[in-house]
Amino acid sequence: MTAKQVGYNLWYKYTIHHLAFLAKSMEPKYSFGCSTSKPSGCLLNPEGSRMIFFEECKNSAKPNFKIDTHLFYTNHLGEPGGYKSSEKLNIDLAWEKWHELHQKGWTEVAHKYG
C-alpha cells in the first residue's frame, strides 16, 4: 500500500468515525413525547416486584415542568406494597427514565398514585 493510500484510509476512517459521533450527539435525549407532553402513569418491572409512578409536580412552573417519580415495592397481587423512594426530575430526565425503563421491559399498568 502506498503512503497516499495509507493517508486516504486514515482520513476515511476518521471521517466515518467523526460523522458517527456527530449523528449520535444529535440524537434526541428521549424518544417518547416532546417538550409539551409529560410522562405520566405507572410502570411495573418485568419481575412484578416494583412499580414506579410518574406524575406532574403540583407546584411546577409551566416553562420548567417537574415530574415526581415514586418507586414502590409490590405485594403478591402486583399492587403497591411498600414505599421505596421518590425523585423530582425535569421533563427531559423524566422522559429519559421512562424510555430506559421501557427498554428494560417495564410495562404500563393501570394504577393511580395517591
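Figured I'd write up the structure that's included with this text.

Analysis parameters
- Residues numbered from 1 in each chain as written.
- Predicted model: local features only at pLDDT ≥ 70, side-chain atom pairs only at ≥ 80, totals over all residues.
- Heavy atoms only, no water.
- Pairing = 2+ DSSP bridges.
- Helix = DSSP H or I, 4+ residues; strand = E, 2+ residues; numbered from the N terminus.
- Axes fitted to C-alpha atoms, helices over the stretch in contact; angles between N-to-C directions.
- Contact = heavy atoms within 4.5 Å.
- Expected span 1.5 Å × (residues − 1).
- Buried < 20%, exposed > 50% of the residue type's maximum accessible area, 1.4 Å probe, protein only.
- Arc of directions from axis to C-beta.
- Polar contact = N/O pair within 3.5 Å; in protein donor to acceptor, adjacent residues only side chain to side chain.
- Core = buried A, V, L, I, M, F, W, Y, C linked by side-chain atoms within 4.5 Å.

One open sheet holds the five strands; their spatial order is β4-β3-β2-β1-β5, and the pairing between them is antiparallel. Across the chains shown, the open sheet's two edge strands, defined by having one partner strand only, are β4 (80–90) and β5 (107–109). Here the average twist between neighbouring strands, direction ignored, is 30°. The sheet contact formed by strand β1 (residues 41–44) and β5 spans three bridges and is antiparallel. Residue C42 lies in a different strand from β5, and its bridge partner there is V109. Packed on one face of the sheet, helix α2 (residues 91–103) meets β1, β2 (50–56), β3 (66–74), β4 and β5 and runs near 135° to β4.

The first and last C-alpha atoms of α2 sit 18 Å apart over 13 residues, in line with the 18 Å expected at 1.5 Å per residue. Within the span of α2, buried status applies to I91, A94, W95, W98, H99 and L101. Down the axis of α2, the buried side of the element spans an arc of 160°, and every buried residue falls inside it. The inward-facing, buried residues of α2 contact β1, β2, β3, β4 and β5. The backbone nitrogen of D92 lies 3.0 Å from a side-chain oxygen of the residue at the head of α2, namely N90. G105 sits one or two positions beyond α2 and adopts a positive phi of about 100°.

Let us look at the side chain of H70. For H70, the location among the structural elements is in strand β3. Overall, H70 belongs to the buried group, its relative accessible area being 9%. Separated by 3.2 Å, the side chains of H70 and E55 make a polar contact. At a separation of 2.7 Å, a polar atom in the side chain of H70 contacts the side chain of S86.

A few words on the nonpolar core. A general trend in soluble globular proteins is that nonpolar side chains are found buried together. In this structure, L43, I52, F54, I67, L71, L89, I91, A94, W95, W98, L101 and W106 together form the largest nonpolar core, which totals 12 residues. Listing elements by their share of this core, those giving two or more residues are β2, β3 and α2. Here the element with the most residues in this core is α2; it accounts for five residues. In this structure, L101 is in contact with L43, I52, F54 and W106, ignoring residues within four places of it in sequence. Counting five residues, the second largest nonpolar core, distinct from the first, contains C42, L44, F53 and F72.

Here we take up the environment of E47. Locating E47 in the fold gives a position in the loop between β1 and β2. As for E47 and G105, which are separated by 58 residues in sequence, their C-alpha atoms are 9.3 Å apart.

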